[in-house]
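Examining the three-dimensional arrangement
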Amino acid sequence: MAVDKLFLGSHLQILFQKLSDGAAMDLARRLRVDCDFKEMRKSLLLVIPVLEDAKPVKVWLEELRDLAYDLEDVVDEITTLAFIQDAKKGIQHTKNTMLRKLIPTCSNFTPRALVSNCRLVSAIKDIRKKLNNISKQWSDRNLGGLSSLSGVMRSKSTYPFLESDIVYGRDEDKKAIKEMLLRVESSTKNFTVIPIVGMGGIGKTTLAQLLYNDEDVKGNFGVRVWVHVSQEFDVLTITKKIHQSVTKMSGTGDMDLAMLHEDLEDKFVNIKFFIVLDDVWNENYEEWHTLCSPLKFGLPGSKIIVTARNHVVASVVDSAQSAYHMKLITDEDCQCLLARRAQISFHENSHLQEVGQGLAKMCKGLPLAAKVLGGVLRSKNSESEWRDVLSSKIWSLSKENNILPVLRLSYHHLPSHLRHPFAYCSVFPKDYEFDQNELVDLWMGEGFLDVPNELKSKKDLGHEYFNELLSRSFFQRKSGRDSKFVMHDLISELAHFVSGGVCYCSDEKLDTDQDYQLPKKIRHASFLSHECELFLKLEGFGQIKGLRTFLPMPVQNSLSSPPFHLSDRILVELIPRLHSLRTLSLSGYSITELPSSVCDLILLRYLNLSGTLISTLPPSVSRLLSLEFLSLSDCRFIHKLPSTLGDLSNLCHLDISNTDQLKDLPVEISRLIRLQILPKIVLGGVGNLGLKELRWLKHLRGTFAIFELQNIANLEDAGEASLWRKSEIEDLQ
């Protein structure tokens, strides 16, 4: 699969920052690879600009992508080993501080650590040579010199006239917005803005065209203007287009913005206008305010429709709350639209009716998909040809297919920090319903939220990322106020496309008696959970070098009853081989203990054991010093946690909800000063976590329950807990 340049570019920029970090350079000097780090930074400075080339070499991009992941693994392992060494000395620092503390000389390492360091040094030098070769190829081929604008994606211009007199599924939408257009407002403003928001291809432009050409609307306004804005919000250009429409002049000569505004002010006096600004991406309020300056002279009742994919645009032009949100159309409407585009009547071709219904469902309510399918089917007359289309992916059907460019344009406009989190979502099966917290926790586990920000926690940052993707229509709420979200099939395919094959999801239940072959270049993998997972089925995971994600689906499978069976060989032989693993979920499997060998996965940051049959954790869990997320929810047999859990100084999420047998928590948990999620404590005997120890846990949030309050030995302990200062606790029980 092709490597997306924007996705890779974001990754390389993050990697460059890691190599440039002062702490990382300290470590490099300790290992005597600082010259290698400097050379790799220089190489990255040479190769990053190639991603602006319109046609970079595919093989080159794939090799660069793989090198980037390998280098990031090595750098992360070096910093984690340094962290572990200092932790063994009893030093309690944050991970960033510990990066500067690598053991001064090799003589201080154990034989095992010495071998590990030599391996890492060798790996760095090997990656440096490969990266230098790529940068040399880049220079020799002279791929540069092209303007970055050559690769900029642009949307196709739109016009006010309709392609067809018949539009399916938009009668209610038209009626609702038409009422807004004809309504006499009591506002003090002379004009009202109506933002129409929705994902690419949902029909925003078509709806605006319907309204623009409606006879009642025409009769209500003295002047109508249609402007296709697109990505570049140039106030002067847009103003010129408005001026040309109002004055019927073909050109504006040498008029500057001030002159245009002055002339428009005169023209709009005593006129009620209707303006459509189609396909707006601007998020700058000052530019919008400048554009609207001459419009305030129009008569009250003037209206502006703005179509956009992003809710932020709506908040800039008016208010996100007042925006009109377009919904997907029904399967029946998709079928009608498909038939019209295919120039076929199902009444006259009843043998195609059934497959036509399947094709309509394939569109998942997106009009653009129905149009594209209809265009493909126009030259196909037999049922077998239609069924071939039904078994294909929509955007692989035709060279004229414009779904990918339309949707990829939204991805093109994503800020770089959102590209990896979005592409990662291709690890979910199609139609998978996910929870916001669930996805944010996964992002945190993968390191996507490792942005230096002292004012925000990683979770808060993750929720910001999520809401921004939601506002840009990459996610959709399942229904109404439901807490579950989904991605449209085509958005899911877009995520898979831009990930370049590093994310892999098997969205079918696999036969448990067959060997499962995986692509060798993947880094994140998921599969649908099965009632009985055998080693043969999942053995292929062990062959994937650099696999970071082992994720049975659904992510939260803790309520499966009875728990699913997981082969001991998977737990003991397979998973411990995945040395680059960051995210591991065993939710809902019938494991009774966590093997100590799993605790050797030192890069692991996310461990989900919810709904398993474990009764405790091994003391060696203290080796998982990178761990930030640990879920033991619904583990109905767990009754004890080891005191070594207090060594996990990066842990910020410890979910022990619905663990009725867990009566005591070790007092060492009070050392987890980053902890934000701890659903409960049970007040008990000596050596257990008590109320006064909560004073160290300053960042607790969400729901927090205190059980066995009668065991409080000293009322002053309640005051020392300082619960009143923990303002982010929303529900204290």
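Procedures and definitions
- Position numbers for residues start from 1 in each chain and track the written sequence from start to end.
- Two thresholds apply to this predicted model, a pLDDT of at least 70 for residue-level local features and 80 or more for giving and counting side-chain atom pairs, whereas whole-chain, interface and lining totals are computed over all residues.
- The basis for every side-chain value is the complete set of non-hydrogen atoms in the structure, without hydrogens or water.
- Runs of H or I in DSSP of at least four residues are treated as helices and runs of E of at least two as strands, each being numbered from the N terminus.
- The classification of residues rests on relative accessible area computed with a 1.4 Å probe and restricted to protein chains. Under 20% of the type maximum is buried, over 50% is exposed, and intermediate values are partly exposed.
- Contact criterion: two residues are considered in contact whenever any of their non-hydrogen atoms come within 4.5 Å of each other.
- To be clear on the numbers: accessible area is Shrake-Rupley with a 1.4 Å probe, and residue cover counts the displayed protein chains and nothing else.
- Side-chain rings of Phe, Tyr and Trp, where Trp is taken by its six-membered ring, are said to pair if the distance between their centres is within 6.5 Å; with planes under 30 degrees apart they count as stacked, over 60 as edge-to-face, and otherwise as tilted.
- For a Lys NZ or an Arg CZ to count as sitting over a ring, it must be within 6 Å of the ring centre and within 35 degrees of the ring normal.
- Following DSSP output, two strands are said to pair if at least two bridges run between them.
- Angles run from 0 to 180 degrees between N-to-C directions of axes, and those axes are lines fitted to C-alpha atoms, restricted for helices to the stretch in contact.
- To estimate the expected span of a helix, subtract one from its residue number and multiply by 1.5 Å.
- As used here, the term nonpolar core means buried Ala, Val, Leu, Ile, Met, Phe, Trp, Tyr and Cys residues forming a set that is joined through side-chain atoms within 4.5 Å.
- Each angle receives one of four descriptions, namely roughly parallel if under 35 degrees, roughly antiparallel if over 145, roughly perpendicular if within 65 to 115, and oblique otherwise.
- In this scheme, a crossing is called left-handed if the near helix is turned counterclockwise away from the far one by less than a right angle; it is called right-handed if the turn is clockwise.

**Brief notes about the overall build of the chain**
- A tally of helices and strands in the chain yields 25 helices and 20 strands.
- Relative to its full complement of 733 residues, the chain shows a buried share of 54%.
- Residue pairs in contact within the chain that sit at least 24 positions apart in sequence constitute 68% of those at least 6 positions apart.
- Counting every atom, the chain has about 32900 Å² of accessible surface; 50% of that belongs to carbon and sulfur.

**Here's the deal with the packing of aromatic side chains**
- For the structure shown, the criterion picks out 23 aromatic pairs.
- Geometrically, the ring pair formed by Phe268 and Phe273 is tilted, given 4.8 Å between the ring centres and 45° between the ring planes. A single burial state applies to Phe268 and to Phe273, both of which are buried.
- With centroids separated by 5.2 Å and ring planes inclined at 75°, the aromatic side chains of Phe434 and Phe475 adopt a geometry described as edge-to-face. In this pair, Phe434 sits in strand β6 (residues 434-435) while Phe475 sits in the loop between α21 (458-471) and β7 (476-477), placing the two residues 41 residues apart along the sequence. Comparing Phe434 with Phe475 shows no difference in burial state: the two are buried.
- A network of ring pairs unites the aromatic residues Phe428, Tyr432, Phe434, Trp443, Phe466, Phe475 and Phe485 as a single cluster.
- Of note, Arg224 hangs over the ring of Tyr212, and the distance from its end group to the ring centre comes to 4.3 Å.
- Above the ring of Phe221, the side-chain terminus of Lys272 is found at 5.8 Å from the ring centroid.

**Topic: the sheet that holds strand β10 (residues 524-528)**
- Strand order in the open sheet formed by seven strands is β9-β10-β12-β14-β15-β16-β17, with parallel pairing between adjacent strands. Looking at strand neighbours, the two that pair on one side only are β9 (503-506) and β17 (653-655), the edges of this open sheet. Neighbour to neighbour, the strand axes of the sheet diverge by 10° on average, direction disregarded.
- As judged from the five bridges shared by β10 and strand β12 (residues 549-553), these two strands associate in the parallel manner. Directly across from Ser526, in β12, lies its bridge partner Leu551.

**Side note on α21**
- The terminal C-alpha atoms of α21, which comprises 14 residues, lie 20 Å apart, in line with the 20 Å expected from a rise of 1.5 Å per residue.
- Buried residues of α21: Lys459, Leu461, Gly462, His463, Tyr465, Phe466, Leu469, Leu470 and Ser471, and no others.
- Of the residues trailing α21, Ser473 is marked for its positive phi of about 70°.

**Quick notes on the environment of Ala360**
- Here Ala360 is to be found in helix α15 (residues 353-362).
- Classification of Ala360 as buried rests on a relative accessible area of 1%.
- Through-space distance from the C-alpha of Ala360 to that of Cys336 is 8.6 Å; in sequence the pair is 24 residues apart.
- In this view, Ala360 contacts Asp331, Cys334, Gln335 and Leu338; residues no more than four positions away in its chain are not counted.

**Considering the nonpolar core**
- Phe422, Trp443 and Phe475 are the most contacted members of the largest nonpolar core, which has 85 residues in total.
- When neighbours within four sequence positions are excluded, Phe422 is seen to be in contact with Tyr411, Leu414, Leu469, Phe474, Met487, Ile491, Leu494, Ala495 and Val498.

**Considering the packing of helix α7 (residues 171-182) against helix α8 (residues 204-212)**
- Contact geometry of α7 with α8 gives a least axis separation of 10 Å together with a crossing angle of 55°. Classified by the interaxial angle, the pair formed by α7 and α8 is oblique. Along this stretch, α7 crosses α8, giving a crossing that reads as right-handed. Two secondary-structure elements touch here, α7 through Asp173, Lys174, Ile177, Lys178 and Leu181 and α8 through Leu207, Leu210 and Leu211.

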